[in-house]
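# A closer look at the structure
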Amino acid sequence: MTMPVLFIVMPAYNEEENIEQTVLQWYPLLEGKSANSRLVIADSGSTDKTHEILTEMQKNHPQLEILSGTGKQHGPKVIALYDYAIKQGASYLFQTDSDGQTNPDEFPLFWQLRDQYDGILGYRTVRGDGFSRAVVEKVVCLLLRIYFGVKVPDANAPFRLLKSDIVKKYLYKMPPDYNLPNIMLTAYLAYNRENIRFNVISFAPRRGGG
């Protein structure tokens, strides 16, 4: 039986306080997957030591890759990461952020369900990053309901396991510099009634940095 190729992808910008711990937490999840699986971090535009830390960590983490030249904005980095993973032959894409707010211990349940769904998306019932951001998320979900007629509990959680083929189906409908790709991807999946599921996840305050 062929082992699946998993690409864990993360955008990063000025994460020197978080990036080492983030890699150490997420990298072990590649174990038991295809040797072609990767942890790919898009670091472009950082003005701190993020890039230097990642470069040093590559010496002991051969499946860690750095994607450069993506600009410093979060949305275009996510698009570039998805595009890169698809072109490298990933079977599954898992996107999260590099700021320490998501918990890798919650990934195995998503992975266990991977054959049953085209996508499994995180749902933040409690957010550690402040009331205002929770309100913004509720407004986004309301707008999706108004404009697209779809009802989703969380449109933008950076904790999503997706089959590569389903991402490829919608990714290239967005320009490379689009700022809200995960929201739009959620809308596409829900509007087209793709086989998706929302799982509750925790969402902690940032560990540090900006």
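Each remark here, short or long, concerns the structure printed above.
Here the residue numbering is sequential within each chain, running from 1 through the sequence in written order. Side-chain atom pairs in this predicted model are given and counted only at pLDDT of 80 or more, local residue features only at pLDDT of at least 70, and totals for whole chains, interfaces and linings cover all residues. For side-chain calculations, the full set of non-hydrogen atoms in the structure is used, while hydrogens and water are omitted.

Taken together, the side chains of Val 135, Val 139, Leu 142, Leu 143, Ile 146, Tyr 147, Phe 148 and Tyr 191 make up a nonpolar region of the molecular surface, amounting to roughly 810 Å² of accessible area. The element that contributes the greatest number of residues to the nonpolar patch is helix α5 (residues 131-148), accounting for seven residues. Structurally, the position occupied by Tyr 147 is in helix α5. Patch membership requires over 30% relative accessible area and the absence of a salt bridge. Like charges are linked within 9 Å, and nonpolar side chains (Val, Leu, Ile, Met, Phe, Trp, Tyr) within 5 Å. To be clear on the numbers: accessible area is Shrake-Rupley with a 1.4 Å probe, and residue cover counts the displayed protein chains and nothing else. Think of a salt bridge as a Lys or Arg side-chain nitrogen and an Asp or Glu carboxyl oxygen that are within 4 Å of each other. The helix count covers DSSP runs of H or I at least four residues long, the strand count covers runs of E at least two residues long, and both are numbered beginning at the N terminus.

Three exposure classes are used, based on accessible area relative to the maximum for each residue type with a 1.4 Å probe and protein chains only: buried under 20%, partly exposed in between, and exposed over 50%. Among the residues making up helix α2 (residues 50-57), those that are buried are Thr 50, Leu 54 and Met 57. Buried residues along α2 cover an arc of 65 degrees about the axis, so they all sit on one side. Any pair of residues with heavy atoms lying within 4.5 Å of one another is described as a contacting pair. Residues of α2 that are buried make contact with β1 (6-12), α1 (19-26), β2 (38-43) and β3 (64-67). Working note: the arc is built from the helix axis to C-beta atom directions.

With that settled, the discussion passes to the packing of aromatic side chains. Stacked, tilted and edge-to-face pairs are distinguished by plane angle, under 30 degrees for stacked and over 60 for edge-to-face with tilted covering the rest, among Phe, Tyr and Trp rings (Trp via its six-membered ring) whose centres lie within 6.5 Å. Under the counting rule described, the total for this entry stands at nine aromatic pairs. Pairing Phe 94 with Phe 107 gives two aromatic rings, centres 4.9 Å apart and planes at 80 degrees, and the pair type is edge-to-face. Placement of the pair is Phe 94 in strand β4 (residues 92-96) and Phe 107 in helix α4 (residues 107-112), with a sequence separation of 13 residues. A relative accessible area of 0% means that Phe 94 is categorised as buried. Note on Phe 107 and Trp 111: the rings are 5.8 Å apart at their centroids and 25 degrees apart in plane angle, and the pair reads as stacked. Note that Phe 107 and Trp 111 are positioned in helix α4 at a spacing of four residues, about one turn of the helix. On the basis of relative accessible area, Phe 107 is assigned to the buried category, the value being 1%.

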